[in-house]
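Next come the chains, spelled out residue by residue.
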Amino acid sequence: MIDIKLLRDQPDAVRVSQRARGEDEGIVDAILTADERRRSSIAEFEALRAEQKSFGKQVAAAKGEQKAALVSAAKATSDRVKELQAAATAADAELATLVRRVPNIVIEGIPSGGEDDYTVLETVGTARDFAAEGFEPKDHLELAEGLDALDMERGAKVGGSRFYFLKGVGALLELALLNMAIAQAVEAGFTPMITPTLVKADVMAGAGFLDAHADEVYRLEADDLYLTGTSEVALAGYHADEILDLSSGPKRYAGWSACYRREAGSYGKDTRGIIRVHQFQKVEMFSYCRPEDAAAEHQRLLDWERQMLAKIEVPYRIIDTAAGDLGGPAARKFDCEAWVPTQGRYRELTSTSNCTTYQARRLNIRERDPRAEGNATRHVATLNGTLGTTRWIVAILENHQQADGSVVVPAALRPFLGIDVLTPTA
RNA sequence: GGAGGCGUCGCCUAGCCCGGUUUAUGGCGCCCGCCUGCUAAGCGGGUUUGGGUUAAUCCCCAUCGCGAGUUCAAAUCUCGCCGCCUCCGCCA
């Protein structure tokens, strides 16, 4: 959630952000009003509560008839205190509800607007000219089936649409890719983590996944648990309610987990193959750092993503996502999109978000404020970014295919896979 | 799933039976100061986290696993929940 003090001091900063996202600006005034009401309500309660407490001490010291008289006098105060407390609690809850509805303040300078208003920051590599090479490229599903690497039909039989079996070299390829991601992360100083994929409601909400995109999330009713769509959720919850020591730099984790997404509202989109599925695997970077370091850390995460993309040798571009296309917790997001030859367009392979202090505020993750004299605390910044997912297989297969349906394994991946060329079985 | 025990301000710990004089005891650790040729020891002070108020200090409120209840008053009594430990049962 955003900082109520910031909204109080600089309401226009919040209005500008809401406008860039295409969201309601009126909520700012509603919050200011609720904030006033909360503070006066609390002041009123606390004043009477202090009176009640000092009265209690007199009661304790008194004896006999005098005590009985004091007790009956105290009853009236007691009732009034309860009323005022209830009012203060209600005012506090009302403010909290409003503040939670506000998405993170976007970072100044990012593009305004929606899904199509991104800025292309850079394009890396060039797409192969299959016409010049003299053959029509096959799509990833056809290639994978030729390699006996993927079984969509039986996936649908077992789990329904958008489920699949990775099989044989397909299963090996995914493991190789994710192992390469973990190896790079460990090399860079990340702590590798295999995370819970079921989490409690407060963690899910804290990471910001129960607001606008709640219908994207699988929920287990009987246990009130949620299946996570990324290990970001568990890694954000990992340090909940803690005071971290970031004096020697960011805390960086690389989470490996299955990811579950309902893909509600995407009927008919990407129905072929494993571009858009309900379950996949991902290695995700997650970083806790000081707020003033967050922008630089965001660049570092992007650089690590680029390193991984370089290893699979596919053409890609980097976009700076527009404000309206950001998730609630994100203040800025860079996506790396790989070229998919048979679609003639770029598809997202990685996504890195700077959530500034938004998630940390909800999850109560702090550090000792290095700028302050005493024990003051402040919220840390959290960031995340993708190092590899099942979807990467699509880009690898399509971009490295040969006329006979075989696929050349990118050199960096060979030590992890142990195979140089994937050959069709038929 | 069943039985029992435990949960106190970084760590350990007193307080709980028997509600009020608790501003939650003491020790360790840590921080500041004094003392000291230096270090140690010693002495004095400080040391949960939110919130309200304030220019700031002061002050005030909440916080004894979480929540509700009883009461003029709850760390203390009652109920529910969560976590940890021990034992029993069941099971991959």
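About the cut-offs
Residues numbered from 1 in each chain as written. Chains lettered and ligands numbered in written order. Predicted model: local features only at pLDDT ≥ 70, side-chain atom pairs only at ≥ 80, totals over all residues. Heavy atoms only, no water. Near = heavy atom within 4 Å. Polar contact = N/O pair within 3.5 Å; in protein donor to acceptor, adjacent residues only side chain to side chain. Helix = DSSP H or I, 4+ residues; strand = E, 2+ residues; numbered from the N terminus. Nonpolar A, V, L, I, M, F, W, Y, C, P; charged D, E, K, R; others polar. 1 Å grid on protein atoms, 1.4 Å probe; cavity = no way out; pocket = protein on both sides within 12 Å on 5 of 7 lines; lining within 4 Å. Points joined across faces, edges and corners; volume = space filled by probe spheres on them. Domains from an automatic or database assignment. Pairing = 2+ DSSP bridges. Axes fitted to C-alpha atoms, helices over the stretch in contact; angles between N-to-C directions. Contact = heavy atoms within 4.5 Å. Parallel < 35°, antiparallel > 145°, perpendicular 65-115°, else oblique. Left-handed = near helix turned anticlockwise from the far one by under 90°. Expected span 1.5 Å × (residues − 1). Buried < 20%, exposed > 50% of the residue type's maximum accessible area, 1.4 Å probe, protein only. Core = buried A, V, L, I, M, F, W, Y, C linked by side-chain atoms within 4.5 Å. Disulfide = S-S within 2.5 Å.

Time to look at the protein's contact with RNA strand B. The immediate surroundings of RNA strand B are formed by 24 residues, with R49, K53, R366, R368 and T377 found nearest. With respect to RNA strand B, the side chain of R38 contributes an N or O atom lying 3.2 Å from a phosphate oxygen. When contributions to the surface near RNA strand B are tallied by element, the ones reaching two or more residues are α1 (4–9), α3 (27–61), α4 (64–100) and β14 (366–368). Ranked by residues supplied to the surface near RNA strand B, first place goes to α3 with 13 residues. Its residues assigned to classes, the surface near RNA strand B comprises 7 nonpolar, 4 polar and 13 charged.

For the rest of this paragraph, the subject is empty space enclosed by the protein. Taken as a whole and judged by the stated rule, the model has 1 cavity of 30 Å³ or more. Here the largest cavity defines a volume of roughly 60 Å³. Put simply, the parts of the chain that give the lining of the largest cavity at least two residues each are α6 (140–146), α8 (169–187) and α13 (392–399). With 3 residues, the single largest contributor to the lining of the largest cavity is α8. Broken down by class, the residue content of the lining of the largest cavity amounts to 11 nonpolar, 2 polar and no charged.

Taken domain by domain, chain A holds domain 1 (4–100) and domain 2 (119–422). Between domain 1 and domain 2, the C-alpha centre-to-centre distance is 43 Å.

Turning next to the sheet that holds strand β12 (residues 332–340). In a beta sheet, neighbouring strands are held together by backbone hydrogen bonds and run either parallel or antiparallel to one another. The 8 strands are arranged β1-β11-β12-β13-β16-β10-β9-β4 in an open sheet whose pairing can be described as mixed. Among the strands making up the open sheet, the edge pair consists of β1 (119–124) and β4 (191–194). The sheet shows a mean angle of 25° between the axes of neighbouring strands, taken without regard to direction. Relative to strand β9 (residues 251–260), β4 runs parallel, the two being bridged by 4 bridges. Across the sheet, P192 pairs through a bridge with A254, a residue of β9.

The strand order across the open sheet formed by 3 strands is β5-β7-β6, and the pairing between neighbours is antiparallel. At either margin of the open sheet sits one strand with a lone partner, and together these are β5 (198–200) and β6 (218–220). Neighbour to neighbour, the strand axes of the sheet diverge by 35° on average, direction disregarded. Pairing geometry for β6 and strand β7 (residues 225–227), over 3 bridges, is antiparallel. Note on β7: the bridge partner recorded for Y218 is L227.

As for its placement among the helices and strands, S406 is situated in the loop between α13 and β17 (407–408). A polar contact of 2.6 Å, which involves the side chain of S406, links it to the side chain of D404. Dropping the residues within four chain positions of it, S406 is found in contact with H400, Q401, V421, L422, T423 and P424.

Moving on, we get to the packing of α3 against α4. At their nearest, the axes of α3 and α4 sit 8 Å apart, and the two run at 160° to each other. With respect to each other, α3 and α4 are oriented roughly antiparallel. The chirality of how α3 crosses α4 is left-handed.

The next point concerns α8. Think of an α-helix as turning once every 3.6 residues; residues three or four places apart then point the same way. Taking 1.5 Å per residue as the helical rise, α8 with its 19 residues ought to reach 27 Å, and the 26 Å between its terminal C-alpha atoms agrees with that figure. Along α8, the residues that are buried comprise G170, L173, E174, A176, L177, L178, M180, A181, I182, Q184 and A185. Residue G189 follows α8 closely and has a positive phi angle near 100°.

Once that is clear, we can look at the packing of helix α2 (residues 11–21) against α3. In contact at an axis separation of 9 Å, α2 and α3 are set at 145° when each is read in the N-to-C sense. Seen from α2, the contacting residues are P11, V14, R15 and Q18; seen from α3, they are I27, V28, D29 and L32. For the contact of α2 with α3, the class distribution of residues is 5 nonpolar, 1 polar and 2 charged.

Let's shift gears to the nonpolar core. By size, the foremost hydrophobic cluster in this structure holds 56 residues, and its most contacted members are I274, L309, I312, L387, L397 and L422. Broken down by element, the residue count for this core peaks at 8 residues, all from α8. Residue contacts for I274: discarding those within four places in its chain leaves H140, L150, M152, Y164, T390, R391, I393 and V394. The next biggest cluster of nonpolar side chains, apart from the first, holds 20 residues, and it includes M193, M204, V217 and V380.

With that settled, the discussion passes to the state of the cysteines. Applying the stated criterion across every chain, the model contains 0 disulfides. Cysteine C336 is unpaired, with the sulfur of C355 as its nearest cysteine sulfur at 16 Å. With no disulfide partner, C355 has as its closest neighbouring cysteine sulfur the one in C289, 11 Å distant.

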